[in-house]
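# Commentary on secondary and tertiary structure
Here is what each chain is made of, one letter per residue.
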Amino acid sequence: CLSWIDGDAWTIFSSFVIILNIWIMIYTTINSDSGSGEQTRLLNLGFLIFYTIELVLKGVYKQQYLLFGRIYVVWPNWLDVVIVVSGVAELIVTGGGGGGATTKWLGYLRVLRLFRLARVAKIVVLLLTKDLLWARSQRFQSFIMGVIAFNCILLGLEIEFKGNPLWPILENILLVIYTFELLVRLRCDGCSFFYNKRELFWNYLDLIIVVGAILDQWIRPAALAIATSAGASSTDTLSHTGEIMRIMRLMRLIRILRLVKLIKGIKPLYTLAVGIGKSMQGMGWVMGLSTSLLYLVSLLAVKLAGGQHPLFISEHADQNGNMVTPEKFRELISCFGNLPDAIYNLFKVMNADTSGVDNLVFYEPWVKWTIMCFTIVSNWAIFSILTAVVSENMAKVTEDHEKELEAEQAEITRKEVRSKLNKMFDNLDVDQSDTLNEDEFMAVWADELTEREFQELTGWTRENASELFEALSEQEDRPLKIRSVTRAAFIEGLDMGGDHLTMRSIMRLEKRLAELDTQLRRRLGKRFEKQSSQIGLVSPSQISLRSLRSADYDCRKGFSYDSHQL
C-alpha cells in the first residue's frame with residue numbers, strides 16, 4: 001500500500017519541497033537582517049518533519065533495501081538519513097529555540113545543513129532516470145496553464161497593492177515551478193527543444209522568460225549580497241554595476257510575455273490568434289486596395305475641395321443664408337487642407353465617423369453625396385471583402401489546427417503504448433535474456449490485470465496467443481532451435497498490430513517475406529530452387545510494388561487486414 005512512495009506524483013511533490021527548501025535557505029542567507037528568524041525557524045522545522053516522515057515511510061516500504069543495495073540506488077537514502085539525523089540533533093542541542101544554547105557542537109551541526117544543497121543532485125538523478133511522459137499529459141499542461149493564469153493576475157495585484165511582502169515569496173515559488181517545468185521539457189525533448197519548427201517560438205519564449213526571471217530574482221540579489229558581504233556598500237555596488245542592474249530590472253518586463261503563452265494554452269484563443277496571423281497574408285491585398293483607394297480619393301479631395309484654391313467649392317452663403325467670411329471658409333475646407341489631413345478624415349469616414357467633414361457636408365450639398373458613395377465603397381464593400389477573407393482563413397486554420405492536434409495526440413498515445421509495452425516486456429523477461437520464449441510470452445495471459453492491459457494496448461485476445469507468438473517469434477541460432485521474441489519485435493509488432501494496411505506495413509511485410517525467402521534458400525539450398533521452379537513459386541523479393549498497392553486499394557475499399565495476419 002506504500003508503493004506510491006516511488007510513484008511519479010510523490011516524486012514531483014518531494015522535488016518541489018526540496019527546491020523550496022533550498023530557495024528558503026538562500027533567501028534567508030541573503031536577507032539575514034530582515035528580522036524573520038522566527039518564521040525561518042518554523043519553516044525549517046516543517047521541512048525537517050517532512051523529511052523525517054518521508055524517511056520513515058521509505059523504511060517501512062523498502063525495509064533492509066533502504067540502505068543496502070547498489071550504490072546508485074541507496075545513496076539518496078543515506079543522504080536523507082544524514083539530513084534528518086543532523087536536523088534532529090541540532091533541534092535537541094538548541095532546545096527548539098532560535099539559538100539559545102551555544103556549544104562547540106552547534107557550529108558543526110549547522111555545517112551539516114549544507115547537505116541539504118546536495119539534494120539538488122537527487123533532483124538531477126530523478127530528471128535523468130525517471131520516465132517523464134507525464135509531463136506531456138493534459139493534466140500537467142492544465143496545471144501549468146493554471147499557474148500562468150494565476151501569475152498574470154498576480155502581476156496586476158502587484159501594481160495595485162505595492163510593497164506587500166507576500167509578492168516576492170509568491171514570485172519565487174512560481175519561478176521554481178517554471179524552472180522545474182522547463183527542465184522537464186528539456187529532458188523530454190532533448191536537443192529537439194532548440195530546433196523543433198512547430199514549437200520553436202514557444203520554446204525560446206519560455207527559455208527567455210525563465211532565464212530572465214532567474215537573472216532578476218536570484219542572480220541579482222545573490223550578486224548584491226556577495227558584494228556587500230565582501231565589504232562594499234550597496235551604493236558602491238550599484239554605482240559600479242548600475243548599467244547591468246538596470247538591464248536586469250528590464251528583464252522583469254519579460255514576465256508579461258507569459259500572457260502570450262496563456263493564449264497558447266487556451267485552444268480557442270490560440271486558434272483565433274493563429275487564424276488572424278495566417279489571415280494577414282490575405283488581408284494584405286485587401287489593405288493594399290483600401291490604402292490605394294484612400295490615397296486616390298484624398299488626392300482628389302485636396303484638389304477639388306481643399307488646398308489653397310479648391311476647384312469645386314467657392315465662397316457663398318451657408319444653409320441659413322448668411323455669407324461666410326474668408327476665415328470661416330478656410331476653416332470649412334481645412335479638413336482637406338493638405339494630404340495628411342485629408343487621409344486622416346477620410347479614414348474616419350471609412351469607419352463611419354463623419355465628425356471631421358460634417359461642417360463641409362452641411363455647407364456644400366454635393367459633398368454629402370460624395371461622402372455617401374465613398375462610405376458605400378470603402379465601408380460596406382471593402383470591409384465585407386476583408387471579413388470574408390478572414391472568415392475563410394479562420395475556417396482553414398481551424399481545420400488544420402484540429403488535424404495537428406489529432407496527430408500530436410496520436411503521437412503521444414503511440415509513445416505511451418510503446419513505453420508500456422517496453423515495461424511489460426521487462427516484467428515478462430524473467431531470465432533477463434532480452435528475449436521471450438514461449439512460456440514467458442504466454443505469461444501475459446496468466447495474470448488477469450496483465451491480460452486486460454495487454455488487450456487494451458494491442459487489441460489481441462487469448463484466442464490469438466499462439467498465432468501471435470508464431471508471427472512475432474524467430475528461431476534462434478542455437479542447437480535447441482528455440483523460437484523467441486526479441487524486444488524490438490515485441491514492441492514494433494504489437495504497436496502496429498491493430499493498424500489497418502498501410503504502405504509502411506506493406507514494406508515491413510515485404511522485408512519479412514524477403515528474410516523468410518533468404519532463410520529457406522539457405523537451409524534448403526538447391527532443393528528449394530528446383531521445387532520452386534517446378535511449381536512456379538515467386539520469391540518474395542520479386543513481388544511487385546504494383547501488387548502491393550493493389551492490396552492496399554482493396555483494403556481501402558473495405559477490407560481491413562492486419563499486417564501480421566496478411
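No experiment lies behind these values; they were computed from the predicted model shown. (Residues numbered from 1 in each chain as written. Predicted model: local features only at pLDDT ≥ 70, side-chain atom pairs only at ≥ 80, totals over all residues. Heavy atoms only, no water.)

### A closer look at the sheet that holds strand β3 (residues 483-486)
Taken together, the three strands give an open sheet; going across it, the order is β1-β3-β2, and neighbouring strands pair in antiparallel fashion. Looking at strand neighbours, the two that pair on one side only are β1 (435-436) and β2 (474-475), the edges of this open sheet. Judged from the two bridges that link them, β1 and β3 form a sheet pairing that is antiparallel. Residue pairing for β3: leucine 436 is matched across the bridge by valine 485. Contacts from helix α19 (residues 465-472) reach β1, β2 and β3 within the one sheet, and its direction differs from that of β3 by about 75 degrees. (Pairing = 2+ DSSP bridges. Helix = DSSP H or I, 4+ residues; strand = E, 2+ residues; numbered from the N terminus. Contact = heavy atoms within 4.5 Å. Axes fitted to C-alpha atoms, helices over the stretch in contact; angles between N-to-C directions.)

### Some words on the side chain of threonine 435
Along the polypeptide, threonine 435 turns up in strand β1. For threonine 435, a relative accessible area of 17% gives the class buried. Among the polar contacts made by the side chain of threonine 435, one reaches the side chain of serine 433 at a distance of 3.1 Å. (Buried < 20%, exposed > 50% of the residue type's maximum accessible area, 1.4 Å probe, protein only. Polar contact = N/O pair within 3.5 Å; in protein donor to acceptor, adjacent residues only side chain to side chain.)

### Observations regarding helix α16 (residues 365-428)
Along an α-helix, residues three or four positions apart point the same way, because every turn accommodates 3.6 residues. In this model α16 runs 93 Å from its N-terminal to its C-terminal C-alpha over 64 residues, within 8% of the 94 Å that 1.5 Å per residue would give. Of all the bends in α16, the greatest measures close to 25 degrees and is centred on threonine 375. (Expected span 1.5 Å × (residues − 1). Bend = angle between axes of the 7 residues up to and from the residue.)

### Things to note about the nonpolar core
Grouped together as the largest cluster of nonpolar side chains are 24 residues, with contacts concentrated most on Trp134, Ile144, Ile148, Tyr178, Phe180 and Val184. Elements represented by at least two residues in this core include exactly α1 (8-30), α6 (138-160) and α7 (166-189). The element contributing the most residues to this core is α7, with nine residues. Of all hydrophobic cores here, the second largest spans 22 residues; its members include Val302, Ile313, Met350 and Ile371. (Core = buried A, V, L, I, M, F, W, Y, C linked by side-chain atoms within 4.5 Å.)

### With respect to the confidence of the model for the protein
Scored by pLDDT, the protein has a mean of 75; 73% of the residues are at 70 or more. Confidence, read as mean pLDDT per element, is least for helix α23 (residues 545-556) in the protein (43) and greatest for helix α14 (residues 339-350) (92). Here residues 98-102 is modelled with pLDDT under 50, and outside its nearest four sequence neighbours on either side it reaches five contacts, counting other chains as well. This model gives residues 537-566 a pLDDT under 50, and the stretch forms 43 contacts once residues within four places in sequence are excluded. (pLDDT = per-residue confidence, 0-100.)

### Structural notes on the pattern of salt bridges
Evaluation of the coordinates by the stated rule reveals ten salt bridges. A salt bridge links arginine 487 to aspartate 434; its shortest N-O distance comes to 2.9 Å. Pair noted here: arginine 487 is in helix α20 (residues 487-495) and aspartate 434 is in the loop between α16 and β1, with a separation of 53 residues, a long-range link. A relative accessible area of 22% means that arginine 487 is categorised as partly exposed. Residue aspartate 434 is classed as partly exposed on the basis of its relative accessible area of 38%. When the shortest N-O distance is used, the salt bridge between glutamate 451 and arginine 462 registers 2.8 Å. Taken together, the residues span a long stretch of sequence, with glutamate 451 in helix α18 (residues 448-458) and arginine 462 in the loop between α18 and α19 at a distance of eleven residues. A relative accessible area of 18% places glutamate 451 in the buried class. A cluster of three or more residues bridged by salt bridges with shared partners is formed by Glu181, Arg185 and Asp206. (Salt bridge = Lys/Arg side-chain N within 4 Å of Asp/Glu carboxyl O.)

### As for unusual backbone geometry
Unusually for a residue other than glycine, alanine 352 sits at a positive phi of about 65 degrees. In this fold, alanine 352 is placed in the loop between α14 and α15 (358-363). Positive phi values are uncommon outside glycine, yet aspartate 434 reaches one of about 65 degrees.

### Re the pairing of β3
The two faces of the sheet receive side chains in turn, since in a regular strand these alternate between them. Where β2 meets β3, two bridges bridge the pair, whose relative direction is antiparallel. Bridged to glutamate 474 within β3 is serine 484.

### Details of the packing of aromatic side chains
On inspection of all chains with the given rule, the structure shows twelve aromatic pairs. An angle of 70 degrees between the planes, with centres 5.7 Å apart, marks the rings of phenylalanine 13 and phenylalanine 50 as edge-to-face. Of this pair, phenylalanine 13 sits in helix α1 while phenylalanine 50 sits in helix α2 (residues 37-62), placing them 37 residues apart in sequence. Exposure remark for phenylalanine 13: the relative accessible area of 43% places this residue in the partly exposed category. Here the aromatic cluster, defined as three or more aromatic residues joined through ring pairs, consists of Phe425, Phe441, Trp445, Phe454, Phe469 and Phe490. (Phe/Tyr/Trp six-rings, centres within 6.5 Å; stacked < 30°, edge-to-face > 60°.)

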